[in-house]
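# Descriptive structure summary
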Amino acid sequence: MKRELGKESLVLVLVRFSLPLILSGMLQQLYNWADAFIVGNVEGELALAAIGATGTVVNFYIMAMTGFTMGLSILFAHKYGGGETDIIHRILSTFVMIVGCAFLAFTVAGMFFTSPLLSLLNTPGDITGLAKTYLRIIFIGIPFLAVYNVYFAALRAIGDSKAPFWAILFSSVTNVLLDILFVAVLRWGVEGAAAATVVSQILMMVFIICYTIKKHPMLRFRFDRHMMDMATIKEGFRLGMPPMIQSSVGAFGSLFLQNFMNGFGTQTVAAITTAYRVDTIILLPIINLGSAIATMVAQANGARDKERIRKFFKIGTLLMIGISLALTVLVIPTGGYLISMFGVEAEAARIGRDFFQRIAAFYVIYGLSMAVRGVLEGVGDVTFSSIAGILSLIARIIMSYTLVAFSGNMIIAYAEGLSWLLLLLLYLGRYMVKRRELQ
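Reading guide: rules and limits
- Residues numbered from 1 in each chain as written.
- Predicted model: local features only at pLDDT ≥ 70, side-chain atom pairs only at ≥ 80, totals over all residues.
- Heavy atoms only, no water.
- Helix = DSSP H or I, 4+ residues; strand = E, 2+ residues; numbered from the N terminus.
- Rg over C-alpha atoms; globule rule 2.2 N^0.38 Å.
- Buried < 20%, exposed > 50% of the residue type's maximum accessible area, 1.4 Å probe, protein only.
- Contact = heavy atoms within 4.5 Å.
- Areas by Shrake-Rupley, 256 points an atom, 1.4 Å probe, with all protein chains shown as cover.
- Lys, Arg positive; Asp, Glu negative; His and termini not counted.
- Charge placed at Lys NZ, Arg CZ, Asp CG, Glu CD.
- Phe/Tyr/Trp six-rings, centres within 6.5 Å; stacked < 30°, edge-to-face > 60°.
- Salt bridge = Lys/Arg side-chain N within 4 Å of Asp/Glu carboxyl O.
- Disulfide = S-S within 2.5 Å.
- Axes fitted to C-alpha atoms, helices over the stretch in contact; angles between N-to-C directions.
- Left-handed = near helix turned anticlockwise from the far one by under 90°.
- Nonpolar A, V, L, I, M, F, W, Y, C, P; charged D, E, K, R; others polar.
- pLDDT = per-residue confidence, 0-100.
- Polar contact = N/O pair within 3.5 Å; in protein donor to acceptor, adjacent residues only side chain to side chain.
- Parallel < 35°, antiparallel > 145°, perpendicular 65-115°, else oblique.
- Patch = residues over 30% accessible without salt bridge, like charges linked within 9 Å, V, L, I, M, F, W, Y side chains within 5 Å.

As a further point, take the overall build of the protein. If you tally the helices and strands in the protein, you get 18 helices and zero strands. The C-alpha atoms of the protein give a radius of gyration of 21 Å, which matches the 22 Å a tight globule of 439 residues would have. In terms of principal-axis extent, the alpha carbons of the protein reach across some 65 × 45 × 35 Å. When each of the 439 residues of the protein is scored for burial, the buried share is 56%. The long-range share in the protein, meaning contacts at least 24 apart out of those at least 6 apart in sequence, stands at 86%. Of the accessible surface of the protein, which amounts to about 18,000 Å², a share of 67% is contributed by carbon and sulfur atoms. Counting 34 positive and 24 negative side-chain charges, the protein places the centres of these two groups 9 Å from one another.

Given below as structure tokens:
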């Protein structure tokens, strides 16, 4: 018999599940923050801009892997919520092999095409050499990060959001210490920053595998005859491919946006890429609360508990509004100071301040869209969610290029904010269609 949960209990479920995810995300971003902060203050603005200019290429890989494993997390949660725990290890083992090997191949390809990629992005000539060196080293860590994300998806789906936090805490501390050693002490520049990141990613993968073996027997990797079961592979790809395609298209679209941004010059590149590093941290409570809603709804959907799905949606939305408003109030007056921390010059800090004053006004819209998206993906409607994300990106690119004459480099903020509004409208429309199924 299912235990009835009151409103207060559901709030606590979301908060307890979300908090480690938020902290994990913040710590994971320390990879980028440590690189940017130490390199910017030790090596200067050119090195900082070089690392920033590689962001869209690296994100293409990271977004693809996290998109796919996000779909896998829904599959894990459905099976776990439905009591089918005996096949969870099969899903894990199968996709550790598939995802790991796939991203190893993608990484090798990326290392061969580093120069054409940077050229395609219209990377400023004064930072191209540094960007190429940094990117080629960073590619080495991608397969290890892919395996880590499969384990992360499984642990999150069964309700263990604390394990990834400890893994990332361990690797983040390692990353910061190695950044200080390689960049500030040994003066290896961008090469040292990249090497610190790769070593930390490898250790993070090792940590989470060891933890999983010890704490969760159902998630142990196993070689057996059912490992490459076609039914499991088909179900995983059904849920994993749509968000992977959306994330990949999103990252590919970011290449166009990076090219667009690069046209404003090195100071804008330094300012906006640094602003996005900060913004990524700021939006983590919104993103991870959305992930928590998706996971809890997926477990409830696996158990066929429609009432609990509706409750998670209502309470999650209220929490999301409160968090989004708090972040808006926090960021608008402090954005410029946050940018200045990274060693940029006064003009770049001013550009970053102006960016934050505009984009923060759209945080509530983004938060609401993530709440509705969480419910849709939790009930398995990942295909529409992905299509909506792609349409939103296309609108953002079009607005960036066509409306630049009206607001200069600040169109970067306005176009993104308006694309969030479109995303919310699309998700709400789909929810109204699906609402009858949740009654």
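Turning to the packing of aromatic side chains, a few remarks are in order. Under the counting rule described, the total for this entry stands at 14 aromatic pairs. Between Phe95 and Phe237, the aromatic rings sit 5.9 Å apart at their centres with planes inclined by 50 degrees, giving tilted as the arrangement. Here Phe95, found in helix H4 (residues 88-112), pairs with Phe237, found in helix H10 (residues 230-262); they are 142 residues apart in sequence, far enough to count as distant. On the basis of relative accessibility, which here comes to 0%, the residue Phe95 falls in the buried class. Judged by its relative accessible area of 30%, Phe237 falls in the partly exposed class. A centroid spacing of 4.6 Å and a plane angle of 45 degrees characterise the contact between Phe313 and Tyr431, whose relative ring orientation is tilted. With Phe313 in helix H13 (residues 306-340) and Tyr431 in helix H18 (residues 411-434), the pair connects residues that are 118 residues apart, well separated along the chain. As far as burial versus exposure is concerned, Phe313 and Tyr431 are alike and both buried. An aromatic cluster of three or more residues is present, and its members are Phe60, Tyr61 and Phe139.

Further remarks concern the pattern of salt bridges. For the structure shown, the criterion picks out seven salt bridges. The residue Glu307 makes a salt bridge to Lys311 at a minimum N-O spacing of 3.4 Å. Placement of both Glu307 and Lys311 in helix H13 is noted, with a separation of four residues, approximately one turn of the helix. For Glu307, a relative accessible area of 38% translates into the label partly exposed.

Moving on to the state of the cysteines. Counted by the stated rule, this structure contains zero disulfides. Cys101 takes part in no disulfide bond, and the closest cysteine sulfur to it belongs to Cys210, at a distance of 20 Å. Looking at Cys101, the relative accessible area reads 47%, which means it is partly exposed. On the basis of relative accessible area, Cys210 is assigned to the partly exposed category, the value being 48%.

With that settled, consider the packing of helix H11 (residues 266-282) against H13. Their axes nearest at 11 Å, the elements H11 and H13 cross at an angle of 145 degrees. Both H11 and H13 take part in a crossing whose hand is right-handed. Within the contact between the two elements, H11 uses Ala271, Thr274, Ala275, Val278 and Ile282 and H13 uses Leu327, Val331, Leu338 and Ile339. The residue makeup of the contact of H11 with H13, split by class, is eight nonpolar, one polar and no charged.

This part is about the confidence of the model for the protein. Per-chain confidence: the protein averages 84 in pLDDT, with 94% of residues scoring 70 or above. Across the protein, the element-wise mean pLDDT spans from 74 in helix H1 (residues 7-42) up to 93 in helix H15 (residues 363-378). With pLDDT under 50 throughout, residues 1-8 is counted as low confidence; its partners more than four residues away or in other chains account for seven contacts.

We now examine the environment of Asn259. If you trace the backbone, Asn259 turns up in helix H10. Remark: the alpha-carbon pair of Asn259 and Thr402, spanning 143 residues in sequence, is separated by 15 Å. With near-sequence residues (within four places) excluded, Asn259 lies in contact with Leu120, Leu121, Asn122 and Tyr401.

Take the environment of Ala292 next. Turning to its location among the elements, Ala292 is positioned in helix H12 (residues 284-302). In the structure, Ala292 is positioned 84 residues away from Ile208 in sequence and 20 Å away in space, judged by C-alpha atoms.

Attention now moves to the side chain of Asp354. Its location among the elements puts Asp354 in helix H14 (residues 346-359). At 2.8 Å, the side chain of Asp354 forms a polar contact with the side chain of Arg350. Polar contacts involving the side chain of Asp354 include one to the side chain of Arg353, which spans 3.0 Å.

What follows concerns the side chain of Arg373. Relative to the helices and strands, Arg373 resides in helix H15. In this structure, Arg373 is in contact with Met70, Gln246, Ser385 and Tyr427, ignoring residues within four places of it in sequence.

Attention now goes to unusual backbone geometry. If you check the backbone angles, Arg187 has positive phi at about 60 degrees while not being a glycine. Mapped onto the secondary structure, Arg187 falls in the loop between helix H8 (162-185) and helix H9 (189-215).

Turning our attention to the packing of H8 against H9. H9 packs onto H8 with a crossing angle of 155 degrees between their chain directions and a minimal axis gap of 8 Å. In terms of orientation, H8 and H9 fall into the roughly antiparallel class. Regarding H8 and H9, the two cross each other, and that crossing is right-handed. Residue classes in the contact of H8 with H9 are distributed as 18 nonpolar, seven polar and one charged.

Moving on: a nonpolar patch on the surface. Together, Val173, Leu177, Ile180, Leu181, Val185, Leu186 and Trp188 make up an exposed nonpolar region whose accessible area comes to about 630 Å². You can call Val185 exposed: its relative accessible area is 54%.

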